[in-house]
Amino acid sequence: MEFIQLFLDYLALEKNYSTLTITSYKRDLDDFVEFYQQEENSSEIQLATKNHIRAFVMYLSELEKSEKTVNRKLSALRTFYKYLIKENHLTINPIEQIHSLKQNKQVLVPFTETELNDLLNNDDFFPDTFEGLRDRLMIDVMYQTGIRRAELIGLKENDIDPNTLSIKVLGKRNKERVIPISTFLLEDLVNYNTKKHNEITLQCTNVFVTEKGKPLYDNLVYSKVKYYLSLISVKHKKSPHMLRHSFATHMLDSGADLNAVKDILGHSSLSSTQIYTHGSIENLKKVFNKAHPRENKKE
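Residues numbered from 1 in each chain as written. Predicted model: local features only at pLDDT ≥ 70, side-chain atom pairs only at ≥ 80, totals over all residues. Heavy atoms only, no water.

Novice: Hey, could you run me through the overall build of the protein in this one?
Specialist: Each helix and strand counted, the protein has 13 helices and 3 strands in total. Buried residues in the protein amount to 41% of all 299 residues. Pairs at least 24 apart in sequence give 57% of the contacts found in the protein among residues at least 6 apart. Total accessible area on the protein is roughly 17700 Å²; 49% of this is exposed by carbon and sulfur atoms. (Helix = DSSP H or I, 4+ residues; strand = E, 2+ residues; numbered from the N terminus. Buried < 20%, exposed > 50% of the residue type's maximum accessible area, 1.4 Å probe, protein only. Contact = heavy atoms within 4.5 Å. Areas by Shrake-Rupley, 256 points an atom, 1.4 Å probe, with all protein chains shown as cover.)

Novice: Would you mind showing me how to read the pattern of salt bridges here?
Specialist: Pairing between side chains of opposite charge can happen when the charged atoms of each approach one another. Applying the stated criterion to the full structure yields 15 salt bridges. Between Asp31 and Lys73 there is a salt bridge, and its shortest N-O distance comes to 2.5 Å. Here Asp31 is found in helix H2 (residues 19-40), whereas its partner Lys73 is found in helix H4 (residues 67-86), with 42 residues between them in sequence. A relative accessible area of 28% places Asp31 in the partly exposed class. Ionic pairing is found between Glu151 and Arg177, a salt bridge with its closest N-O pair at 2.9 Å. (Salt bridge = Lys/Arg side-chain N within 4 Å of Asp/Glu carboxyl O.)

Novice: Looking at this model, I keep getting lost on helix H5 (residues 113-120). Mind explaining?
Specialist: Given 3.6 residues to a turn, an α-helix orients residues that are three or four positions apart in the same direction. When we look at burial in H5, the residues that qualify are Glu115, Leu116, Leu119 and Leu120. The buried residues of H5 occupy one face: seen down the axis, they fall within an arc of 120°. In this structure, the buried residues of H5 make contact with helix H6 (130-145), helix H9 (218-230) and helix H10 (240-253). (Arc of directions from axis to C-beta.)

Novice: How should the pairing of strand E2 (residues 166-170) be read in this particular structure?
Specialist: Walk down a regular strand and you will see the side chains alternate between the two sheet faces. In this sheet, E2 lies alongside strand E1 (residues 160-161) in antiparallel orientation, the contact comprising 2 bridges. By the bridge assignment for E2, Asp161 is matched with Ser166. Where E2 folds back on strand E3 (residues 176-180), the antiparallel hairpin that results is connected by 5 residues, among which Arg173 adopts a positive phi of roughly 55°. (Pairing = 2+ DSSP bridges.)

Novice: So what exactly am I meant to see when it comes to a positive patch on the surface here?
Specialist: Judged by side-chain charge, Lys15, Lys82, Lys172, Arg173 and Lys175 come together as a positively charged surface patch. By the secondary structure assignment, Lys175 is in the loop between E2 and E3. Taking the relative accessible area as the measure of exposure, Lys175 reaches 51% and is therefore exposed. (Patch = residues over 30% accessible without salt bridge, like charges linked within 9 Å, V, L, I, M, F, W, Y side chains within 5 Å. Lys, Arg positive; Asp, Glu negative; His and termini not counted. Charge placed at Lys NZ, Arg CZ, Asp CG, Glu CD.)

Novice: Where do I start with the sheet that holds E1 in this structure?
Specialist: Note: strands within a sheet are paired through backbone hydrogen bonds, in either parallel or antiparallel orientation. The 3 strands are arranged E1-E2-E3 in an open sheet whose pairing can be described as antiparallel. Two strands in the sheet have a free side with no partner beyond their single neighbour: E1 and E3.

Novice: Just checking my understanding: could you explain the packing of H6 against H9 for this structure?
Specialist: Axes are the key here: two packed helices are described by the angle between their axes and the distance separating the axes. Between H6 and H9, whose axes approach to 11 Å, the crossing angle comes to 85°. Compared by their axis directions, H6 and H9 come out roughly perpendicular. Counted together, Glu131, Arg134, Asp135, Met138, Ile139 and Met142 of H6 and Leu220, Val221, Lys224, Val225 and Tyr228 of H9 form the full contact between these two elements. Taken together, the residues of the contact of H6 with H9 break down into 7 nonpolar, no polar and 4 charged. (Axes fitted to C-alpha atoms, helices over the stretch in contact; angles between N-to-C directions. Parallel < 35°, antiparallel > 145°, perpendicular 65-115°, else oblique. Nonpolar A, V, L, I, M, F, W, Y, C, P; charged D, E, K, R; others polar.)

Novice: Just checking my understanding: could you explain unusual backbone geometry for this structure?
Specialist: Note: most residues except glycine have negative phi, and most peptide bonds are trans. We note that Asn16 has phi near 60°; this positive angle belongs to a residue other than glycine. Structurally, the position occupied by Asn16 is in the loop between helix H1 (2-13) and H2. One non-glycine residue, Glu64, lies in the positive phi region at around 65°. As for its placement among the helices and strands, Glu64 is situated in the loop between helix H3 (50-62) and H4. In this structure Glu64 comes out as exposed when scored by relative accessible area, which is 72%.

Here it is, written out as structure tokens:
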């Protein structure tokens, strides 16, 4: 367990990973520790072999964990053992010959502009309370800016700049970026903040807070978004990430530059942004098929 703590400290201090990312690494490593203890009555996973890791994969499969989940845990182990090799704590990497599971490529279907406008413009969906006002604005901010759930939770009042019509966001690996906002969104944020200060005893400077004035937390944001999106759509995926996906798709559909969308989303590489072009390509195909002079030509 000592090596795991050293590894987590390394991620925080040298790699500058976010608290959320480090927590995810710890959870995945703890799962392997628990499995290894059952196998060897020991928590010293630096002594594990490739056979232990293969058995772990089989164990996860028997629990009907998805390929994505298994691969994420393998990725955490790869990073962990790579660190041990780098620091000369190990000479043989036990996961070196272990391959990730093949995953079926999943195409995420974004929400349409009509669906999201129907949700955000319908007063009947949101209660006339502080919580209702907060939930609507929370969804609107994620859709209008494409920020991640963790970024929304961490947004501070002084991150909103009314002079430049922008918000400052602290993203992955503590990288800051500035995202433009509309005058309408700024007005909604100002009105919300006024109501918040008048009605809530605040215990933090976060923009979005609970009714007790504390910062929001992951499960609350997820459950709220899922509930409200279920009111306007039967799509399978209803998560904060789908608001981000919808934002990117609608921006690209409207002709936004791919590099500009990349910068707004806070992606480190263009390949990460290109996954959102699927919806735009499908939309382009429809326009092409409808408009091209050869498409409907009769022989």
